[in-house]
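A structural walkthrough
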Amino acid sequence: DTAAFCYCADLKINCLPESLIYIGGRVFNFCESIETMDFPDAVTYMGEYVLASTSVKNIDIPLGITYVPVGLYYDTELDKITIPSHVSLIKESAFSNCMLIEELMIPSNVVEIEQRAFAYNVNLKTVVVEEGLTDLTNAVFAACLNLESITLPESVMSISTKAFLECEEDFIIYGKAGSKTEEY
């Protein structure tokens, strides 16, 4: 159910029934005592902000999910991002406001990233995007105040003028000569 355990600050749960296939939105939102969560691979749907504002440091995205849900890690204790090979889409605000992340590698299986997916990660310094992604959307890295460099592949055909909104202007964008990256 949606928001079933929302604001249960002392809830300590880390595994769910293997038969679970649907996880509603905001179900564990603001459950500050949750540090880890093992989602069964049978899960085929996850709602928005499922673990937002918890103490989660990392979870494994179930094999039945091909996207990182809206706000899944929003405002968590996540300190490292690992995007599994079965994920091709990172939805809006999926990793926003994760203050402990310093580096990010986006693998080639990710072909779409929605707006603000990595926004407000103020300690993010370096980003490497592998070949496959075609667009950097609106505010995807907004307010990443300590961003030093981003490496973009030749596959990037479009970069929103607001992709790096509120970032310091002195960060470096690396890309191949003659690519859209060079035009930006």
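A brief look at the structure comes next. (Residues numbered from 1 in each chain as written. Predicted model: local features only at pLDDT ≥ 70, side-chain atom pairs only at ≥ 80, totals over all residues. Heavy atoms only, no water.)

Notes on the pattern of salt bridges
Enumeration according to the criterion identifies two salt bridges in this entry. One salt bridge connects E48 with R26, and the closest N-O pair in it is separated by 3.6 Å. Here E48, found in the loop between β3 (45–46) and β4 (58–59), pairs with R26, found in the loop between β1 (22–23) and β2 (36–37); they are 22 residues apart in sequence, far enough to count as distant. Judged by relative accessible area, E48 falls into the partly exposed class, the value being 38%. R26 sits in the partly exposed class, given a relative accessible area of 32%. A salt bridge links R116 to E92; the shortest N-O distance between them is 2.3 Å. Placement of R116 in the loop between β8 (112–113) and β9 (126–129) and of E92 in the loop between β6 (89–90) and β7 (103–106) is noted, with a sequence separation of 24 residues between them. When its relative accessible area of 22% is taken as the criterion, E92 is described as partly exposed. (Salt bridge = Lys/Arg side-chain N within 4 Å of Asp/Glu carboxyl O. Helix = DSSP H or I, 4+ residues; strand = E, 2+ residues; numbered from the N terminus. Buried < 20%, exposed > 50% of the residue type's maximum accessible area, 1.4 Å probe, protein only.)

Side note on the pairing of β7
By the alternation rule, side chains of β7 split into L104 and I106, which are all buried, and E103 and M105, of which none is buried. Taken together, the four bridges between β7 and β9 define a ladder with parallel strand orientation. Note on β9: the bridge partner recorded for M105 is V128. (Pairing = 2+ DSSP bridges.)

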